[in-house]
Amino acid sequence: MKLKEYREKEGVICPMCGCKRHYWKQDKQCFECKECGYRQSLKANTVMHGSQLPLRYWFITMHLLTSTKKSFSASELQRQLGHKYYNPIWAMLHKLRMAMGKRDERYNLRGMVELDEGFFVTEMPEEEKGKPRKRGRGSQRRSKVLVMAETAEGKPRTPKDKPTAVRHIKMILIDDLKAATIDREVKDNINPDSTILSDDSTSYAHFKDIVATHIPKVIPKEDVGKVLPWVHVAISNAKRLLLDVYHDICPKYIQNYLSEYCWKFNRRYFGDKLFERLIITSINYKNEFRYNI
Ligand SMILES: [Zn+2]
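First, a word on what this report is: a plain description of the structure on this page. In this text, all values refer to a predicted model and were calculated from it rather than measured experimentally.

### Quick notes on the overall build of the protein
A count of helical and extended segments in the protein gives ten helices and eight strands. For 293 residues, the compact-globule estimate of 2.2 N^0.38 gives 19 Å, and the protein sits close to it at 21 Å. With the principal axes as the frame, the protein shows a C-alpha extent of 65 × 45 × 35 Å. When each of the 293 residues of the protein is scored for burial, the buried share is 49%. Taking contacts inside the protein between residues at least 6 apart in sequence as the whole, the part at least 24 apart equals 64%. If you sum the accessible surface of the protein, you get close to 15800 Å²; carbon and sulfur atoms cover 50% of it. Taking the average location of the 54 positive side-chain charges in the protein and that of its 36 negative ones, the two points are 4 Å from each other.

Printed below as a string of C-alpha cells:
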C-alpha cells in the first residue's frame, strides 16, 4: 500500500506519547506504538482522519485535483465516483482544500511583494439577508480577499515596464479593510526583510513599520494591472476558475477554494510530481474541518 510508505517516510507520531517508532500490524492494517502500544489506522491523524469513505476515493480525488488546472465541483466528483451521497464527497473536497491552505501557511513571502485587495462575489450571508443592500466594495455579496504576490525581480515597477516573473502567491479572506486587520495578515505572511509594493491606501499606512520597505504608489485605476500585474492576474484567473465551476459560493468556504488555487499556482512547475505533493500535504494535516449545511 502506497499510503503506508508515504506515512512512514513522513514519520508516524503516536498521539498518546509522542513516540515516533512503530510496528506495522499487517493483520490489523495499522501502526502500533513501540512505546505505549497505541494503535492508529492508516487514515488516522491525516486529512482522512475519521473518514468513512474508502481510501480509493481519496486517492482518485487527489489525482483528479492535481491532474487538471481547472477545479471541479462536488456533484461532478460524486458522479465520477458513483457515490450515493453528496455531503461526504463535498466535505472530502473541502478537507483537501483546507490541507492545501494549511500547507501554504507554513511559508512566508519574501523579497518584492505586490499587495492589493480583491473582491469576490459570494452568496448573501444568512445574517445579512433582509437587510438593505449595500453597493460596491461594501456589498454584502463581496468577500474581501488580501492578495499578495512575490515577484522574482527586486525592482519597483512603473506602468511602462513589462511584468516580471512571479514566484509564490497568497490569498487570504479578511473580514474588513481596516489597517489593523491587514497589518496582522502582513505580519503573519510576509518576511520582515521584504519590500511591499501597493497603492497608497490609508489601510496600508503602517507597512513601513512591519517590513523593511514599503513603496506606496498613487495608481490610476486603469494602470493598476500594470503596476501590480501579478496580484491582478491572480485575482482575475481565480475569479474565472471559480465562476466556471461554482455558482453562489458560500462566504464561509471561499477561503478553501482560494487555498486550492494558490496551492496549485505555487506548485505550477511540479508537473507529474503534483499528485505526490498532495498526498504529502494530506498526510501531514489532521483535518479540523467542521461543516454544517
Ligand atoms: Zn505511544
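### Looking at the pairing of strand S7 (residues 195–199)
Of all five residues in S7, five are buried, a share of seventy percent or more. By the bridge criterion, three bridges tie strand S4 (residues 112–121) to S7 in an arrangement that is parallel. Across the sheet, the residue bridging to Val113 is Ile196, located in S7.

### Digging into the packing of aromatic side chains
With the rule as written, the count across this model stands at five aromatic pairs. Ring geometry for Tyr204 against Phe207: centres 5.0 Å apart, planes inclined by 20°, an arrangement best described as stacked. Both residues of the pair, Tyr204 and Phe207, belong to the buried class. Of note, Lys239 hangs over the ring of Phe120, and the distance from its end group to the ring centre comes to 5.6 Å.

### Focus: the packing of helix H8 (residues 229–245) against helix H9 (residues 254–266)
With their axes 11 Å apart at the nearest point, H8 and H9 run at an angle of 115° to one another. Crossing handedness for the pair H8 and H9: right-handed. Within the contact between the two elements, H8 uses Ala234, Asn237, Ala238, Leu241 and Leu242 and H9 uses Ile254, Tyr257, Leu258 and Tyr261.

### Focus: helix H10 (residues 274–283)
Burial of H10 is extensive: seven of the ten residues sit out of reach of the surface. Every buried residue of H10 is accounted for by Leu274, Leu278, Ile279, Ile280, Thr281, Ser282 and Ile283. Residues of H10 that are buried in the fold lie against helix H1 (2–10), helix H2 (55–67), helix H4 (87–105) and H9.

### A closer look at the sheet that holds S7
With mixed pairing, the five strands of this open sheet are ordered in space as S6-S5-S4-S7-S8. At either end of the open sheet lies a strand with only one pairing partner, and these are strand S6 (166–174) and strand S8 (213–217). If you compare each strand with its neighbour and ignore which way they point, the axes differ by 25° on average. With five bridges joining them, S7 and S8 adopt parallel strand pairing.

### Quick word on the pattern of salt bridges
Evaluation of the coordinates by the stated rule reveals eleven salt bridges. Glu35 serves as the salt-bridge partner of Arg21, at 3.2 Å between the closest nitrogen and oxygen. Separated by 14 residues along the polypeptide, Arg21 in the loop between H1 and strand S1 (22–25) and Glu35 in the loop between strand S2 (30–33) and strand S3 (39–41) bring together distant segments of the chain. Ionic pairing is found between Lys28 and Asp27, a salt bridge with its closest N-O pair at 3.7 Å. A network of salt bridges, in which partner residues are shared, links Lys25, Glu32 and Arg39.

Parameters and conventions
Residue positions are given per chain, counting from 1 as you read along its sequence in written order. Predicted model: local features are reported for residues with pLDDT of at least 70 only, side-chain atom pairs are reported and counted for 80 or more only, and whole-chain, interface and lining totals are derived from all residues. Side-chain descriptors were evaluated using all non-hydrogen atoms of the structure, hydrogens and water having been removed beforehand. Helix numbering and strand numbering both begin at the N terminus, where a helix is a DSSP run of H or I of at least 4 residues and a strand a DSSP run of E of at least 2. As defined in this context, the radius of gyration uses C-alpha atoms, and a globule is described by 2.2 Å times the residue total to the power 0.38. Classification of residues uses two cut-offs on accessible area relative to the type maximum, computed with a 1.4 Å probe and protein chains only: under 20% is buried, over 50% is exposed, and between them is partly exposed. We call two residues in contact when some of their heavy atoms are within 4.5 Å. For the area figures, the Shrake-Rupley method with a 1.4 Å probe applies, and any residue is considered shielded solely by the protein chains shown. Under the convention used here, Asp and Glu are negative, Lys and Arg are positive, and both His and the chain ends fall outside the count. Just so you know, the charge point we use is NZ for Lys, CZ for Arg, CG for Asp and CD for Glu. Pairs of strands are assigned from DSSP output, requiring at least two bridges between the strands. Aromatic rings from Phe, Tyr and Trp, taking only the six-membered ring of Trp, are treated as a pair when their centres fall within 6.5 Å; an angle between ring planes under 30 degrees marks them as stacked, one over 60 as edge-to-face, and anything in between as tilted. Put simply, a charge is over a ring when the Lys NZ or the Arg CZ is close to the ring centre, within 6 Å, and near the line of the ring normal, within 35 degrees. Axes here mean lines fitted to C-alpha atoms, for a helix over just the part in contact, with angles spanning 0 to 180 degrees between N-to-C directions. Should the near helix be turned anticlockwise from the far one by less than a right angle, the crossing is termed left-handed; should it be turned clockwise, right-handed. A side-chain nitrogen of Lys or Arg and a carboxyl oxygen of Asp or Glu constitute a salt bridge if their distance falls within 4 Å.

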